[in-house]
Structures are given as C-alpha cells and as structure tokens.
Amino acid sequence: MLERQEVHPGIVVILPGVRRERQIELFTATLNAIREHDPPLDMINTVLERDQEGTVVMFPLLPVSRVRSYISRRTAAAQSRTRAAAP
C-alpha cells in the first residue's frame, strides 16, 4: 500500500521483540501521544517507530517515487565522481 500512495495518513510501527500484550500497551501509548500532542501532530507521510523500551523515533515517509528519484540522482552523482576520478 505504501508504494502506491503519494500521500499517506501515517503509520505506527512497534518494533519486534515484545509480547502481544506489550505491543498493545506500546501502541495505545503511541496513539495517546499523537492525540495529546500540542500542537496537534500531523501524521501525514510520517512514520512513528516505538521500541520495546518505549522510545519513539519520528521520521518522514517519502513517497516511493521521490525515494526512487533520490536514489537515481545519488547513483548518477556517484558514477560521475567515479568517472571524473579515473585516470
């Protein structure tokens, strides 16, 4: 689904390694944090990762087309540098 959408409502990821009951606790705490954030937390194209200790990392979810474009540009730039450095 994420690959087909340019705009995504956001995703919460509970990193593995915890029992189901703990996953539910972490997910509930994450939803509460989103709801209670001031100003309101904009989850559009955003990923929230929560690990078993409860640490939260938030980062943008780039549309696949932008990721592919970025990778293509980086690859082309690296190849260009390699050619320029060749004797």
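The text that follows walks through the structure, step by step, so that each part is easy to find. The shown structure was predicted, so the numbers you read here are calculated from the model rather than taken from an experiment. (Residues numbered from 1 in each chain as written. Predicted model: local features only at pLDDT ≥ 70, side-chain atom pairs only at ≥ 80, totals over all residues. Heavy atoms only, no water.)

Some remarks on the overall build of the chain
The secondary structure content of the chain amounts to two helices and three strands. Listed N to C, the secondary structure of the chain is β-α-β-β-α in terms of helices and strands. Within the chain, buried positions represent 17% of all 87 residues. Nonlocal contacts in the chain, meaning residues at least 24 apart in sequence, comprise 51% of its contacts between residues at least 6 apart. Total accessible area on the chain is roughly 6,800 Å²; 57% of this is exposed by carbon and sulfur atoms. (Helix = DSSP H or I, 4+ residues; strand = E, 2+ residues; numbered from the N terminus. Buried < 20%, exposed > 50% of the residue type's maximum accessible area, 1.4 Å probe, protein only. Contact = heavy atoms within 4.5 Å. Areas by Shrake-Rupley, 256 points an atom, 1.4 Å probe, with all protein chains shown as cover.)

Quick look at the environment of Ile14
With respect to the helices and strands, Ile14 occurs in strand 1 (residues 11-14). With 42 residues separating them along the chain, Ile14 and Val56 place their C-alpha atoms 9.4 Å apart. The contacts of Ile14, once residues within four sequence positions are left out, are Gln23, Leu26, Phe27, Thr30 and Arg50.

Quick notes on the side chain of Asn45
Counting through the fold element by element, Asn45 comes out in the loop between helix 1 (20-36) and strand 2 (46-50). Asn45 gets classed as buried once you look at its relative accessible area, which sits at 18%.

Remarks on the sheet that holds strand 3 (residues 56-60)
Strand order in the open sheet formed by three strands is 1-2-3, with mixed pairing between adjacent strands. Among the strands making up the open sheet, the edge pair consists of strand 1 and strand 3. Each strand axis lies, on average, 20 degrees off the axis of its neighbour in the sheet, ignoring direction. Sheet analysis places strand 1 next to strand 2, joined by four bridges and oriented parallel. Bridge pairing in strand 2 places Val13 opposite Glu49. Sitting on the sheet, helix 1 is in contact with strand 1 and strand 2, with an inclination near 145 degrees to strand 1. (Pairing = 2+ DSSP bridges. Axes fitted to C-alpha atoms, helices over the stretch in contact; angles between N-to-C directions.)

Re the pattern of salt bridges
Side-chain pairs of opposite charge can arise whenever the charged atoms involved come near each other. All chains considered together, the criterion is met by two salt bridges. Measuring nitrogen to oxygen at the nearest pair gives 3.7 Å for the salt bridge that ties Arg19 to Glu21. Residue class for Arg19 comes out exposed when judged on its relative accessible area of 64%. We note a salt bridge from Glu25 to Arg22, for which the minimum N-O separation is 3.1 Å. Of this pair, Glu25 and Arg22 are both found in helix 1, three residues apart, which corresponds to roughly one turn of the helix. Here Glu25 falls in the partly exposed class, since its relative accessible area comes to 47%. (Salt bridge = Lys/Arg side-chain N within 4 Å of Asp/Glu carboxyl O.)

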